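Spelled out from the first residue to the last, the chains are:
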Amino acid sequence: MSEDNENTGKLANDGLPPLRDVIATHDLSAQKKFGQNFLFDLNLTGRIARAAAPLEDATVIEIGPGPGGLTRALLFNGAKNLTVIERDPRCQPVLEQISNHYPGALRVIDGDALDVDVTTLGPAPRKIVANLPYNVGTQLLLNWLMQIDQFASLTLMFQKEVAERVVARPKSKAYGRLSVLCQYLCDCDILFDVHRSAFTPPPKVTSAVVQLRPKTDRGKDINLDSLAKITQAAFGQRRKMLRASLKTLNINVGELLEKAGITETARAEELSVADFVRLTQVHDEMAAS
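The model shown is predicted, which means the values in this text are computed figures rather than measured ones.

Points about the side chain of Arg 126
Consideration 1: The residue Arg 126 is located in strand β5 (residues 126-131) in this model.
Consideration 2: As a buried residue without a salt bridge, Arg 126 has its nearest oppositely charged side chain in Asp 117, at a separation of 7.6 Å.
Consideration 3: Separated by 2.7 Å, the side chain of Arg 126 and the backbone oxygen of Gly 122 make a polar contact.
Consideration 4: Once you skip the residues sitting within four places of it in the chain, Arg 126 turns out to touch Thr 59, Val 118, Thr 119, Gln 150, Phe 151, Ala 152 and Ser 153.

As for the environment of Gly 236
Consideration 1: Within the secondary structure, Gly 236 sits in helix α8 (residues 224-236).
Consideration 2: A residue is classified by how much of its surface remains accessible, and Gly 236, at 60% relative accessible area, is exposed.
Consideration 3: Sequence spacing of Gly 236 and Gly 176 is 60 residues, and the spatial spacing of their C-alpha atoms is 9.2 Å.

A look at the packing of aromatic side chains
Consideration 1: Under the defined criterion, the tally for this structure stands at 2 aromatic pairs.
Consideration 2: Ring geometry for Tyr 175 and Phe 235: centres 5.8 Å apart, planes at 80°, overall edge-to-face. Here Tyr 175 is found in the loop between α6 (160-167) and α7 (177-185), whereas its partner Phe 235 is found in helix α8, with 60 residues between them in sequence. No difference in accessibility class separates Tyr 175 from Phe 235, as the two residues are buried.
Consideration 3: By way of ring pairs, the aromatic residues Tyr 175, Phe 235 and Phe 276 are connected into one cluster.
Consideration 4: The ring of Phe 192 has Arg 47 sitting right over it, with the charged end atom 3.8 Å from the ring centre.

Here we look at empty space enclosed by the protein
Consideration 1: All chains considered together, the criterion is met by 1 cavity of 30 Å³ or more.
Consideration 2: Here the largest cavity defines a volume of roughly 40 Å³.
Consideration 3: Lining the largest cavity, in full, are Leu 16, Pro 17, Leu 19, Val 22, Pro 67, Arg 72, Val 94, Gln 97 and Ile 98.
Consideration 4: In terms of residue count, helix α4 (residues 92-101) provides more of the lining of the largest cavity than any other element does, 3 residues in total.

Procedures and definitions
Residues numbered from 1 in each chain as written. Predicted model: local features only at pLDDT ≥ 70, side-chain atom pairs only at ≥ 80, totals over all residues. Heavy atoms only, no water. Helix = DSSP H or I, 4+ residues; strand = E, 2+ residues; numbered from the N terminus. Buried < 20%, exposed > 50% of the residue type's maximum accessible area, 1.4 Å probe, protein only. Lys, Arg positive; Asp, Glu negative; His and termini not counted. Salt bridge = Lys/Arg side-chain N within 4 Å of Asp/Glu carboxyl O. Polar contact = N/O pair within 3.5 Å; in protein donor to acceptor, adjacent residues only side chain to side chain. Contact = heavy atoms within 4.5 Å. Phe/Tyr/Trp six-rings, centres within 6.5 Å; stacked < 30°, edge-to-face > 60°. Lys NZ or Arg CZ within 6 Å of the ring centre and 35° of its normal. 1 Å grid on protein atoms, 1.4 Å probe; cavity = no way out; pocket = protein on both sides within 12 Å on 5 of 7 lines; lining within 4 Å. Points joined across faces, edges and corners; volume = space filled by probe spheres on them.

Structure below.
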């Protein structure tokens, strides 16, 4: 049964009040400036938490918990070391109530996740599980990708459009820089969609939960900063041929493409992840010579 159907005043399965009651009690309303869309259904948040299992022995990190629907699900499903980062001060009393209900298991950080190095929040294995604010979700993911070996998994909710970019294949409209970075570093899967009606207020788009698990063997390591720079140049002008779009790299583009075995007239969306890896390797060899 969805929490939407619970009687007012009845405790949820975790022994805490239903989220609708919590939000009414504390006069919480989702605010656009925080990118908030609240999830009320504890069955749905439980499904997200179970997708990230096992949680018992991990440092679990959640971004933007709001009134704590996913926070409660993570704790109920076994998280013993959960840190949440919340910049909305209105949510602090609610999170404190949850913390008191799960003594010693929850730490609340008042701040902006863009400013926090989450790898310092606890020992490995680290797992991020979050319904990310739409306005900063992609940037947060890009930041974490640059430290991906510090994590065991990322289980994240995005707009479905962003989720599709994570798993997109070459020659598709959704394929881009995010696709290349994610797929080089991780095994990526869309686990399930979440209809807009699950949120309050309902966003204009469907969402999806994506899971990224760092690859244990990526072959020869490449410089991630170089890969990020090359993909940014290539997809920043995706309609142009590579001989034009890569000029911003300040390198002999013709030589770069020839050595990498890629035709000058190709466009970014035609290249595979392996092609971009090879471009990065050749780029760095040329830059070092």
